[in-house]
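# A closer look at the structure
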Amino acid sequence: MRGLFIVLEGCDRSGKSTQCHQLVKQLQAKGYSAQYRNFPNRTTQTGKMIDSYLRQATELDDHAVHLLFSANRWEAMNSIKDTLESGITLVVDRYAFSGVAFSSAKGLDLNWCKQPDVGLLSPDVVVFLDLSIDEAEKRGGYGEERYERRELQTKVRNQFMKLKDDTWKVVNAAQSAEQVEKGIWSIVEAALSTSTNQRKSLL
Ligand code: DGP
Ligand code: NA
Ligand code: NA
């Protein structure tokens, strides 16, 4: 049976990366093969350009950087497909929803923003770690990167709310890490118990 394609989304400081790593550990402890991936992947050629842009070392047109983020996902597609087909479950830290939420929050047209990611593999499970901007700021404030500002984060959160459909599973990220972990696990456990033929085809 192929692996599950799990995506965690949320605003900055919602605890996504910590929870992704915890989930991988938990899956492995239960005997599943599981791996962590994240977007943007800053190690590739497109990722290096994105990293430089996020660290504010370089300037890029908003549309151009949007396409770079999308290319960063596209270039990972074959590897993601092969990994899932080999039976490994992937826990992915951000995906195309972040792409659309961040770029449209900056003012780009929402429908334009969706187009470059059309055709990417659809996740089996999308977990949205929901945290108010006030709670996010209480967590020691934002960092130095380009998007880590209250006004933009507020807009990003609003855009995520527009993108959210009834297949998304929302977990209250203001709870303790252990409670968030339990919430995510119950969602993943339910998804894991769906039979092979209920899992969406990758192709
Ligand atoms: P992270 O490494 O997960 O902290 O992400 C870096 C920043 O980039 C974060 O502020 C979210 C933002 N981001 C992630 N994916 C995209 C994307 O596809 N497009 C845009 N514009 N921003 C993104
Ligand atoms: Na960040
Ligand atoms: Na992160």
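Under an unreviewed UniProt entry, the protein has the name dTMP kinase and belongs to Phycomyces blakesleeanus. Quoted verbatim from the Sequence similarities (unreviewed entry) field of UniProt, the annotation for the protein is "Belongs to the thymidylate kinase family." The UniProt entry for the protein carries the following text under Pathway (unreviewed entry): "Pyrimidine metabolism; dTTP biosynthesis."

Along its length, the protein carries nine helices and five strands. What you see in the protein, going N to C, is helices and strands ordered as β-α-β-α-α-α-β-α-α-β-α-α-β-α. The C-alpha radius of gyration computed for the protein amounts to 17 Å, which stays within 12% of the reference 17 Å derived for 203 residues, consistent with globular compactness. The dimensions of the protein, computed from C-alpha atoms along their principal axes, are 45 × 35 × 30 Å. The 203 residues of the protein split such that 47% are buried. For the protein, restricting intrachain contacts to residue pairs at least 6 apart in sequence, the fraction spanning at least 24 positions comes to 78%.

Once that is clear, we can look at helix 1 (residues 16-29). Taking 1.5 Å per residue, 14 residues should reach 20 Å; helix 1 reaches 20 Å between its end C-alpha atoms and fits that length. All buried positions along helix 1 are accounted for by Lys16, Gln19, Cys20, Leu23, Val24 and Leu27. When helix 1 is viewed along its axis, its buried side chains cluster within an angular range of 140° and face the same direction. Of the exposed residues in helix 1, those oriented more than 90 degrees away from the buried face are Thr18, Lys25 and Ala29. The inward-facing, buried residues of helix 1 abut strand 1 (5-10), strand 2 (34-38), strand 3 (89-93), strand 4 (125-130) and helix 9 (177-192). In the segment just after helix 1, glycine 31 is the residue with positive phi, at about 95°.

This brings us to the UniProt feature "domain: Thymidylate kinase-like" (unreviewed entry) in the protein. UniProt tags residues 8-184 as "domain: Thymidylate kinase-like" (unreviewed entry). With 50% helix and 13% strand, residues 8-184 has its two end C-alpha atoms placed 9 Å apart.

Let us now look at the side chain of threonine 83. With respect to the helices and strands, the residue threonine 83 is situated in helix 4 (residues 77-85). Each residue touching threonine 83, except ones within four places of it in the same chain, is listed here: Gln35, Arg37, Ile88 and Leu90.

Let us look at the site of ligand 1. Near ligand 1 the following residues occur: Asp12, Pro40, Arg42, Leu54, Phe69, Arg73, Arg94, Ser98, Gly99, Phe102, Ser103 and Tyr147. In the environment of ligand 1, an oxygen atom lies 2.9 Å from a nitrogen or oxygen atom belonging to the side chain of aspartate 12. Here an oxygen atom of ligand 1 sits 2.6 Å away from a polar atom, N or O, in the side chain of arginine 94. Across the complex, the protein chains shield 90% of the 490 Å² of accessible surface that ligand 1 would expose by itself. Broken down by secondary-structure element, the contributors of at least two residues to the shell around ligand 1 are helix 3 (62-74) and helix 5 (96-105). Here the shell around ligand 1 gets four residues from one element, more than from any other, and that element is helix 5. Taken together, the residues of the shell around ligand 1 break down into five nonpolar, three polar and four charged.

All chains considered together, the criterion is met by 13 salt bridges. Salt-bridge contacts for arginine 146 lead to glutamate 59; the nearest nitrogen and oxygen are separated by 3.3 Å. Placement of arginine 146 in the loop between helix 7 (133-138) and helix 8 (150-163) and of glutamate 59 in the loop between helix 2 (45-54) and helix 3 is noted, with a sequence separation of 87 residues between them. Given a relative accessible area of 11%, arginine 146 falls into the buried group. Aspartate 130 is paired through a salt bridge with arginine 157; the nearest N and O atoms lie 2.8 Å apart. Placement of the pair is aspartate 130 in strand 4 and arginine 157 in helix 8, with a sequence separation of 27 residues. Connected through salt bridges with shared partners, the residues Arg42, Asp51, Arg55 and Glu145 form a single ionic network.

Reading the values: rules and limits
Residues numbered from 1 in each chain as written. Chains lettered and ligands numbered in written order. Predicted model: local features only at pLDDT ≥ 70, side-chain atom pairs only at ≥ 80, totals over all residues. Heavy atoms only, no water. UniProt positions renumbered as here; feature names shortened; annotations may be inferred. Helix = DSSP H or I, 4+ residues; strand = E, 2+ residues; numbered from the N terminus. Rg over C-alpha atoms; globule rule 2.2 N^0.38 Å. Buried < 20%, exposed > 50% of the residue type's maximum accessible area, 1.4 Å probe, protein only. Contact = heavy atoms within 4.5 Å. Expected span 1.5 Å × (residues − 1). Arc of directions from axis to C-beta. Near = heavy atom within 4 Å. Polar contact = N/O pair within 3.5 Å; in protein donor to acceptor, adjacent residues only side chain to side chain. Areas by Shrake-Rupley, 256 points an atom, 1.4 Å probe, with all protein chains shown as cover. Nonpolar A, V, L, I, M, F, W, Y, C, P; charged D, E, K, R; others polar. Salt bridge = Lys/Arg side-chain N within 4 Å of Asp/Glu carboxyl O.

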